[in-house]
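Secondary and tertiary structure notes
The lines below spell out each chain.
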Amino acid sequence: TDCAGEEYWVDSRTVYIGHKEPPPAAEAYIPQRYPDNRIVSSKYTLWNFIPKNLFEQFRRIANFYFLLIFLVQLIIDTPTSPVTSGLPLFFVITVTAIKQGYEDWLRHKADCSINECPVDMVQQGTVVRTQSSKLRVGDVVMVREDETFPCDLLLLSSSHDDGTCYVTTTSLDGESSHKTYYAVPDTMDFKTEQKVDSLHATIECEQPQPDLYKFVGRINIYKEREDPIARSLGAENLLLRGATLKNTEHIYAVAIYTGMDTKMALNYQSKSQKRSAVEKSMNAFLIVYLCILISKAVINTVLKYAWQWSVDRDEPWYNHRTEIDRERHVVIRAFTDFLAFMVLFNYIIPVSMYVTVEMQKFLGSYFIAWDKDMYDEELGVGAQVNTSDLNEELGQVEYVFTDKTGTLTENNMEFIECCVDGHVYIPHAICNGQILSAEHEDLFFRALCLCHTVQVKEEETVDSIKRGIHLGKPTSFYISSSPDEVALVEGMKRLGYTYLRLKDSHMEILNKDDEIERFELLHVLNFDSVRRRMSVIVKSSSGEYLLFCKGADTSIFPRVVSGKVEQVRAREGLRTLCVAYRSLSPVEYEETCHQLDDAKLALQDREQRLAQAYDLIERDFTLLGATAVEDRLQEKAADTIESLQKAGMKVWVLTGDKMETAAATCYASKLFRRSTQILELTKKRTEEQSLHDVLFDLSRTVLRQRTLSGLSVECQDYGLIIDGATLSAVLKPSPESSGSGNYREIFLEISRNCSAVLCCRMAPLQKAQIVKLIKASKEHPITLAIGDGANDVSMILEAHVGIGIMGKEGRQAARNSDYAIPKFKHLKKMLLVHGHLYYVRIAELVQYFFYKNVCFIFPQFLYQFFCGFSQQPLYDTAYLTLYNISFTSLPILLYSLIEKHISIETLKRDPTLYRDVAKNSLLRWPVFLYWTCLGLFNACIFFFGAYFLFDNTTFTSNGQMFGNWTFGTLVFTVLVFTVTLKLALDTHHWTWINHFVIWGSLLFYVIFSLLWGGIIWPFLNYQRMYYVFMQMLSSGPAWLGIILLITISLLPDVVKKVLCRTLWPTATERAQVGRTAT
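Cut-offs used in this document
Residues numbered from 1 in each chain as written. Predicted model: local features only at pLDDT ≥ 70, side-chain atom pairs only at ≥ 80, totals over all residues. Heavy atoms only, no water. Helix = DSSP H or I, 4+ residues; strand = E, 2+ residues; numbered from the N terminus. Buried < 20%, exposed > 50% of the residue type's maximum accessible area, 1.4 Å probe, protein only. 1 Å grid on protein atoms, 1.4 Å probe; cavity = no way out; pocket = protein on both sides within 12 Å on 5 of 7 lines; lining within 4 Å. Points joined across faces, edges and corners; volume = space filled by probe spheres on them. Domains from an automatic or database assignment. Expected span 1.5 Å × (residues − 1). Contact = heavy atoms within 4.5 Å. Pairing = 2+ DSSP bridges. Salt bridge = Lys/Arg side-chain N within 4 Å of Asp/Glu carboxyl O. Patch = residues over 30% accessible without salt bridge, like charges linked within 9 Å, V, L, I, M, F, W, Y side chains within 5 Å. Areas by Shrake-Rupley, 256 points an atom, 1.4 Å probe, with all protein chains shown as cover. Buried area = accessible area lost by both parts, 1.4 Å probe. Polar contact = N/O pair within 3.5 Å; in protein donor to acceptor, adjacent residues only side chain to side chain. Axes fitted to C-alpha atoms, helices over the stretch in contact; angles between N-to-C directions. Core = buried A, V, L, I, M, F, W, Y, C linked by side-chain atoms within 4.5 Å.

**Some words on unusual backbone geometry**
In this structure, Q124 is a non-glycine residue whose phi angle is positive, near 45°. By the secondary structure assignment, Q124 is in the loop between strand 2 (118-123) and strand 3 (126-131). Judged by relative accessible area, which is 70%, Q124 ranks as exposed. Phi angles above zero are rare outside glycine, and Q871 is one such case at about 55°. Residue classification places Q871 among the buried positions, given a relative accessible area of 10%.

Okay, structure coming up:
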């Protein structure tokens, strides 16, 4: 039996309502085990935190490398103590672990509060309060108004007589509109606890899956002395966890999916880690430095053995070898020496760079969230940062892909006009004696009043004031899941046909003669994005069956057999819906019912079966007319697009709308100008000539223009329009011709030369395909996708940077994005200001880190030539350890958070400055080489400067000699001052914080050195630094030397800056000069 149970489980699950066994004759009772209703969104638990977190951290190459060095230091006798690399590594690991642990603890807290929510459960005919986490599959639950559903529930009955309830799903997909859910007719009479407890039924349904809008199941209800009744269940019966009950006193429902099986939990998928271009550059630079490190160690090891070749140098009289040393093989000796050199020079790879970059990104992301300019009063939200790893990527964008509806436009529909048989009606112009007179007129208006899923809400309480009787008529307003539908029903109201309510499955409308007409609603064929239409079947009071259908023109026209198609062809620039009807004879109606019920009861492939049934039913229409609904542009959308184009970005609009509407929006938002020459790559054109010819035509046009405009300044602007059908043809590799692979290339070539591209009629997946195509083209540009609806999620996840808009179509996009902003206009500041500044800051941070570590370690390398390659450290252990952690870490961290090399106003005013940082220009190899050479130059100055000062041995006034630690300390002092002052020279934007940190770090170094060398530390086994710093400062020449060396080191950089600014200024530098002049 065990196997049978297992097999059964794979396919579907059986739920026993109230845990009652089915009657013996019905079916085998197989109790199955389901997860409990606990939600877990945290990554770690108390005992797996340390191993799991350590594993995650050591997967980073740098951390792993430092761990290896640390182990080497523990195993062999090395020049520096293991503390020097162990401490920084421990610090880095601890800081990161604390940050991740804290984030996870917050998740645990959130989970706990959710899991301990009280829930009302029905047991033995009474309502019992229990914790949410104790719910099991099959429990019957009672939910009251404004409560949130504790798990995925199947609606059994509600306080409304017709068994419906209203729900908002804001936290799932962000749609704030009310949706209607239905109870199965056979269970809707069980309205009290006792009755619900007596219900005897089982539910069979599919295993949990993440699609929020799909559910397939059937319910078997057992009555005494009767055959069991089977009814189909669909998404309209399933209440999802996280949704809220509205407008309904209470409902009874049974738990179907609990805990991590709920659709909400299945949608928590973790996004793939996106890596920024800066991080890639950083890794490349690290590899270069690793090579430098290894070559240094190899050179020194080789030279050491060459130097020791003569006997008196190998074993001088004062330093005889031990027996063990003599017997070791030379290869092993050489290898340990090599490792010792590796340890000595290992600081050239900065371990703390990773921490600083982490902190910079983490803290820097708050600046976006705190930005007042990106706060939206209306929504009451500001920008949100979901991934802080991509801040600097915002400064590198080359392609912007935007959705149209709800992103460029407001998704706020207004009914403009309707056109019936070629007559146009405009709502407020009716009174001007426009007499409604055409056979189809009444039918058309009735169709729009009946064919929708709008609910009517009577006397809505607004701010706790009842909008009650208004001018003697009760007011009501419409709520629906789609803004188009409300606009249409309200438009009809203005044209004299009012939809009143749906009562006992009869729809009531008030016609223009103020008579109430009743239609019985028999079936609703719901809208879906593949069919792009919806239908209703109603029975009029005279008993005839009518099928009304409305949908996009492309999905209706092919199914029309009569009606004036030509006159109705869409008027430009508006969102048009066509309306058609067909009357059914009773025989046809019976057949239709049969087809629908068959499809609805199927457990497997119900979607396909329904689609086939719909396809058979929705045909042979008579066209009635079309309606036009307009969608307004968002404020400043045109200005934003213009700025982005000036900043050198290509803007592409990807939309599911039809070409005319989308093109009108593009002109309105200045994506296309009047002078733009439009190239069309659409289905209409490829039907006339082959795709091959069209593509070659277009590429000829574009390329010819390029060869001509080589001389002239005025260049022709091109705009490309492509639709979904042609796009799939371009992307599809066709077997017959060998040149087909080139379609992609040609298409890319054409689109690269166009200033703007519009893609219309795109399926959500095609949007992602386009982004992927551009991402993979040979320049590998950085892409950004911005959208507001669930249909944009795939494109947002595909692009390098995904931005969601918290708009009307829900929070789905905002949840899956890297950044979320309230409106499209905020994109301008996000990229041109924040992106630009973040990039400049992090570029300086990375280069500066490498620079200061070259300055730090190269003198150490030079020192080996003067100490017989004996791995003698130049600096004291404390200095080695603290150099990167405390002496030079804070100034660069603060620089990378608050530096503004150009004021925010200038950046906003002049978008072209963005081009200065495009294509990762501040982290190119020449710049990197300049910094490295500067570091090497400085290191030579420090070392040889100090060396030649020491040549003059009568250095102190009392004739004492200086030792090697004094020499090292002198070099170190010059080093710390030089690298800190170099940063001060690079700072453009001074605040008290900068002053405090830069001068504070230097002061801290001095005080620390005085303390470190002024006290005998009991825990140290050496006292080599005792009084060294004071003795050094007691000599005049040392002071002079320090000041002189710092000046010489900083001079070349200052000279280079001055020359470059006067002779070859960049746009950025001009802007800086302009600012100071004004």
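**Overview of empty space enclosed by the protein**
Applying the stated criterion to the full structure yields four cavities of 30 Å³ or more. Of the pockets and cavities examined, the largest cavity occupies roughly 90 Å³. Mapped onto the lining of the largest cavity, the elements with two or more residues apiece are helix 4 (83-115), helix 29 (826-864) and helix 30 (877-887). The element best represented in the lining of the largest cavity is helix 30, accounting for five residues. Here the lining of the largest cavity spans two domains, since at least three of its residues come from each of domain 2 (37-116) and domain 3 (351-369 + 842-1074).

**Regarding helix 35 (residues 992-1014)**
In a regular helix each residue adds 1.5 Å, so 23 residues correspond to 33 Å; helix 35 covers 32 Å between its end C-alpha atoms and thus fits that length. Of all the positions in helix 35, only N994, V997, I998, S1001, L1002, Y1005, F1008, S1009, W1012 and G1013 are classed as buried. The inward-facing, buried residues of helix 35 abut helix 30, helix 31 (889-898), helix 34 (964-986) and helix 36 (1028-1033).

**Quick look at the sheet that holds strand 2**
Read from one edge of the open sheet, six strands run 3-2-4-13-5-11, paired in antiparallel fashion. Two strands lie at the open edges of the sheet, namely strand 3 and strand 11 (238-239), each paired on one side alone.

**Looking at the pairing of strand 4 (residues 140-144)**
Burial runs high along strand 4: four of the five residues are buried. With five bridges connecting them, strand 4 and strand 13 (residues 250-257) associate as antiparallel partners. When the bridges of strand 13 are listed, V143 appears paired with I251.

**Regarding the pattern of salt bridges**
Enumeration over the complete set of coordinates arrives at 43 salt bridges. One salt bridge in this structure joins K767 and D403, with 3.1 Å as the shortest N-O distance. One end of the pair, K767, is in helix 26 (residues 764-775); the other, D403, is in strand 15 (residues 399-403), with 364 residues separating them in the sequence. Assigned by exposure class, K767 and D403 land together as buried. Measuring nitrogen to oxygen at the nearest pair gives 3.4 Å for the salt bridge that ties R752 to E749.

**A word on a nonpolar patch on the surface**
Together, F64, L68, L71, L74 and I75 line one region of the surface with nonpolar side chains, adding up to about 500 Å² of accessible area. Mapped onto the elements, L71 comes out in helix 3 (residues 61-75). Under the relative-accessibility criterion, L71 is labelled partly exposed at 37%.

**A closer look at the domain arrangement of the protein chain**
By domain assignment, the protein chain separates into domain 1 (12-33 + 119-267), domain 2 (37-116), domain 3 (351-369 + 842-1074), domain 4 (375-408 + 633-704 + 716-730 + 742-831) and domain 5 (413-428 + 439-459 + 475-632). If you average the C-alpha positions of domain 2 and of domain 3, the two centres end up 30 Å apart. Of the residues lining the interface, 14 residues belong to domain 2; the matching set on domain 3 comes to twelve residues. Here domain 2 packs against domain 3, burying approximately 1,300 Å² in sum over the two surfaces, 78% of which is carbon and sulfur. Our enumeration of links across domain 2 and domain 3 arrives at zero salt bridges. Counting across the interface, domain 2 meets domain 3 through zero residue pairs in polar contact (both at pLDDT 80 or more).

**Side note on the sheet that holds strand 36 (residues 783-787)**
Backbone-to-backbone hydrogen bonds pair the strands of a sheet. The strands run either parallel or antiparallel. Reading across the sheet, the nine strands line up as 14-38-37-36-15-32-35-34-33 and stay open at both edges, with mixed pairing between neighbours. Every other strand in the sheet has two partners, leaving strand 14 (384-385) and strand 33 (677-681) as the edge strands with one partner each. Across four bridges, the pairing between strand 15 and strand 36 is parallel. Each residue of the ladder has a partner; that of F401, found in strand 36, is A785. Of the strands in this sheet, strand 33, strand 34 (718-723) and strand 35 (756-760) are in contact with helix 24 (residues 724-731), which crosses strand 34 at around 90°.

**Here we look at the nonpolar core**
V846, F856, Y875, Y879, F972 and L975 are the most contacted members of the largest nonpolar core, which has 96 residues in total. With 18 residues, helix 29 is the largest single contributor of residues to this core. The residue makeup of this core includes at least three contributed by each of domain 2 (37-116) and domain 3 (351-369 + 842-1074). The residues contacting F972, other than those within four sequence positions of it, are F856, Y875, Y879, Y883, F887 and Y1005. Counting 39 residues, the second-largest nonpolar core is a separate cluster that includes V653, A756, V801 and I803.

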